[in-house]
Amino acid sequence: MRRVYILILSAALFGCGGGEEENSETSTDSTTVETEVSEENVEKPKKKPKSPRVQASGMVDGVQVDIDYGSPFVKGRTIWGELVPYDKVWRAGANEATSITFDGDILFADAEVAAGTYALFIKPVAEGDWQVILNEEWSKEEHGVWGAYDHDPTKDVARIDIAPDWRQELEESMRFSVVNAGIEFAWEYVAFTVGIEAQ
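In this text the structure is predicted, and so the values were computed from the model without any measurement.

A. Molecular detail of the packing of aromatic side chains. If you walk through the whole model with that rule in mind, you get 12 aromatic pairs. Between Tyr69 and Phe176, the aromatic rings sit 5.2 Å apart at their centres with planes inclined by 75°, giving edge-to-face as the arrangement. Separated by 107 residues along the polypeptide, Tyr69 in strand S2 (residues 63–70) and Phe176 in strand S9 (residues 165–179) bring together distant segments of the chain. What makes Tyr69 buried here is its relative accessible area of 3%. Summarising the aromatic geometry, the rings of Trp90 and Phe185 are spaced 6.2 Å apart at their centres and angled 80° between planes, so their arrangement reads as edge-to-face. Highlighted residues: Trp90 in the loop between S2 and strand S3 (99–102) and Phe185 in strand S10 (residues 182–198), separated in sequence by 95 residues. An identical accessibility class is assigned to Trp90 and Phe185; each is buried. Through successive ring pairs, a cluster of aromatic residues spans Tyr69, Trp80, Trp90, Trp130, Trp166, Phe176, Phe185, Trp187 and Phe192.

B. Examining the sheet that holds strand S4 (residues 106–108) more closely. Pairing in this open sheet of 4 strands is antiparallel, and the strands run S5-S4-S10-S9 from one edge to the other. The sheet is open, and its two borders are formed by strand S5 (111–113) and S9, each paired with just one other strand. When strand polarity is set aside, the average angle formed by the axes of neighbouring strands in this sheet is 40°. The pairing of S4 with S10 spans 3 bridges and is antiparallel. Within S10, the residue paired with Ile106 across the bridge is Ala198.

Basis of the calculations
Residues numbered from 1 in each chain as written. Predicted model: local features only at pLDDT ≥ 70, side-chain atom pairs only at ≥ 80, totals over all residues. Heavy atoms only, no water. Phe/Tyr/Trp six-rings, centres within 6.5 Å; stacked < 30°, edge-to-face > 60°. Helix = DSSP H or I, 4+ residues; strand = E, 2+ residues; numbered from the N terminus. Buried < 20%, exposed > 50% of the residue type's maximum accessible area, 1.4 Å probe, protein only. Pairing = 2+ DSSP bridges. Axes fitted to C-alpha atoms, helices over the stretch in contact; angles between N-to-C directions.

If you want it as structure tokens, here you go:
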């Protein structure tokens, strides 16, 4: 009688214990799997770029003009002569080179430029006219260029002198605009417009 009781009790305990362990493991495993899947599916919030890529487009004298550039912010810094040194070719933006595309032949100020895509550089100077440069090599993928670091002056198709317009009002984010007269540039306290005409 005693043996039967012990066997029944052992079987009952084993059954209950075994069932709990099995459920516990199954529960843990399924929770783990669910957690792993949900973590994989959750998208991490994208950080806003410090200098977002911006496009400016428009028609000038019947020619489509498209500009692609990285737009940096002033953020309380002195731009000309400090962040952007004088007397050096600058990428006219942030990160990759600024590119400009014309769908027809144009006069870029007084320089003849064929339809196509070009890098647009700026060379600021402390006193006097600045230079705006168009260069054949504009793409990291196609030409292996990055910003103005790889600027090859032998590939320049236009170099024009432009008088900077120093203004009182701060332009926080650098911008290009396609306007009726051509393209306008503005950043910090400097602005200028390069005239464009169809050929």
